[in-house]
Amino acid sequence: MPASRSLVLALDVGTSSARAGFYDRRGRLLPSTECATPYAPAWTEDGGATLAPGALLAALAAAVDGALHGAAHLPRRPQPAAVGISTFWHSLMGVDGQGRAVTPVFLWADTRAGAVVPELKRRLGAGYHQRTGAPVHSTFWPAKLVWLRRTQPRSFTRVAQWMSFAEYLFLRLFGAPRCSVSMASATGLWNYRQCAWDQPSLRVVSVNAKRLTAVDDAPAQGLEGSWRRRWASLADIPWFPAWGDGACANAGSGAVRAGKIAVTIGTSSALRAVVPAQRRLRLSPGLWRYALDARRHLVGGALSEGGNLFQWLRRELAWPPSASDASLERRIGHRPPDGHGLTVLPYVAGERSPGWSQGRRATIAGLTLATTPLDLLQAGLEAVALRLATTYQDLQQVLKPSGRRPPEILAGGAALRHSSLWSQMLANAIGAPVRRLRVAETSSRGAALLAWERLGTMSLQRAPVPRERLFRPGAAAVAALRAARDRQDRLRGRIS
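A.B. asks: Residues and numbers for the side chain of Arg-360, please.
C.D. replies: Checked against the element boundaries, Arg-360 lands in the loop between β17 (343-345) and β18 (363-365). By relative accessible area, which is 11% here, Arg-360 ends up buried. Among the polar contacts made by the side chain of Arg-360, one reaches the main-chain carbonyl oxygen of Ile-495 at a distance of 3.1 Å.

If you want it as structure tokens, here you go:
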């Protein structure tokens, strides 16, 4: 097929929407092919966060339909070369012997398994974090599996195979699940040094590896049944097993080499660096280690808050529709950093990095009769930036970068792409320049670039980096936010 007409279809399954779009070999999205289908997890008062597998599959399929429709109306209809997929990490679901979903998709934000974490910490032992790269937390599979066995025994016994939604997608499309090293690495049951399921952890949770999906990075081909008829142009091209969304975000940001750190703020937020798989590191308690693939790993930290906190504050503070995000940003931008007198722990969905305490909740200290909604909004945005600054400090201590040049911080994600204010806050909180990228959907772009790399047509390290604006820290703002982070740390130490 002519190279000029060859494109990769990138799929991105996120917490709040599924996206699809075609990308060229330089990682450029054809805008007319981009399609997004929104949805919302089911949130419960006891900490539940789930999605229905069938509804999620339907949303993704609708996004693919939209992308194909857009491509069909291009002047020169492209020939799809492959499909690359980015999917949220840490999800868990079970299917029966016929491949039918027995459970919902339990998301990373589901904190109900936190009740078993103290016991699991004792049973998994001190070496667990260093073997698997995962802290003991409700985010990961060990806690969810133990909790499900105890609280939903009927559903648990009906499950023939445990998997993430990424594997379920391949089960429905191709008749067999397919799990990548990247997806397995973030379950909390993967031994990254052995590149295999971690047997000591499996014994603790009483799950045999046969009830998990075999790990294989080879692509699938040959869509089944109605899918083949629905997507004829995609039926016999390679579909690469899904990579984790954080791994794709680093790939899409250009942060795949030493001296590059990716920071993203979307629904949640994270900060990550790529390291060679063979590199030995002693993880600090606040960090995790997952895989991009068998050759490259990621080290970083993640918050459960990001754009979700901003949207929650906007909704609950009842800002009128006339108060656009841009107008609110302008008003906050004229205020001094930390001028509100508030100290905020932003954990509306429980704490992940740095303390990994699912019992810790959001807290606002310093409220007075003079506190305004704008104070609360500014303090919430700064609180996320301050927690990411703590993760950045932890990451630097673990990586121990050589040389005098600081790492380049590449910022992506929908929230940062559309918020110069938050980007500047982040630079001030970290105390280092932050380079915002031109692309908001770094995970989608990363899935496309990883697919091109697997096809052998380009090197990920040589892919163009869509740099845009550089945000430099201001000395006065850095000092103000350093004092704010000290207050935040003291408050965090007092709140269990």
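We are not done yet, so read on.
A.B. asks: Tell me about the pattern of salt bridges, and name the residues and values.
C.D. replies: For the coordinates displayed, the defined rule picks out 23 salt bridges. Residues Asp-96 and Arg-100 are paired through a salt bridge, measuring 3.0 Å at the closest nitrogen-oxygen approach. For Asp-96, a relative accessible area of 10% corresponds to the buried category. Among the residues examined, Arg-100 registers a relative accessible area of 49% and is labelled partly exposed. Glu-316 is the partner of Arg-315 in a salt bridge, and the nearest nitrogen-oxygen pair spans 2.9 Å. Each of Arg-19, Glu-34 and Glu-441 takes part in a single network of salt bridges with overlapping partners.

A.B. asks: So what's going on with the packing of helix α11 (residues 307-316) against helix α13 (residues 373-399)? Residues and values would help.
C.D. replies: Contact geometry of α11 with α13 gives a least axis separation of 10 Å together with a crossing angle of 170°. Between α11 and α13, the interaxial angle falls into the category roughly antiparallel. Residues Leu-309, Phe-310 and Leu-313 of α11 lie in contact with α13, whose contacting residues are Leu-376, Leu-377, Gly-380, Leu-381 and Val-384.

A.B. asks: Got a sec to walk through the packing of aromatic side chains? Specific residues and values, please.
C.D. replies: Here the distance between the centres and the angle between the planes together describe a pair of aromatic rings. Enumeration according to the criterion identifies 15 aromatic pairs in this entry. With a centroid separation of 4.1 Å and 5° between ring planes, the pair formed by Trp-288 and Tyr-290 is classed as stacked. For Trp-288, a relative accessible area of 2% translates into the label buried. Among the residues examined, Tyr-290 registers a relative accessible area of 2% and is labelled buried. An aromatic cluster of three or more residues is present, and its members are Trp-89, Phe-140, Trp-288, Tyr-290 and Trp-356.

Reading guide: rules and limits
Residues numbered from 1 in each chain as written. Predicted model: local features only at pLDDT ≥ 70, side-chain atom pairs only at ≥ 80, totals over all residues. Heavy atoms only, no water. Helix = DSSP H or I, 4+ residues; strand = E, 2+ residues; numbered from the N terminus. Buried < 20%, exposed > 50% of the residue type's maximum accessible area, 1.4 Å probe, protein only. Polar contact = N/O pair within 3.5 Å; in protein donor to acceptor, adjacent residues only side chain to side chain. Salt bridge = Lys/Arg side-chain N within 4 Å of Asp/Glu carboxyl O. Axes fitted to C-alpha atoms, helices over the stretch in contact; angles between N-to-C directions. Parallel < 35°, antiparallel > 145°, perpendicular 65-115°, else oblique. Contact = heavy atoms within 4.5 Å. Phe/Tyr/Trp six-rings, centres within 6.5 Å; stacked < 30°, edge-to-face > 60°.

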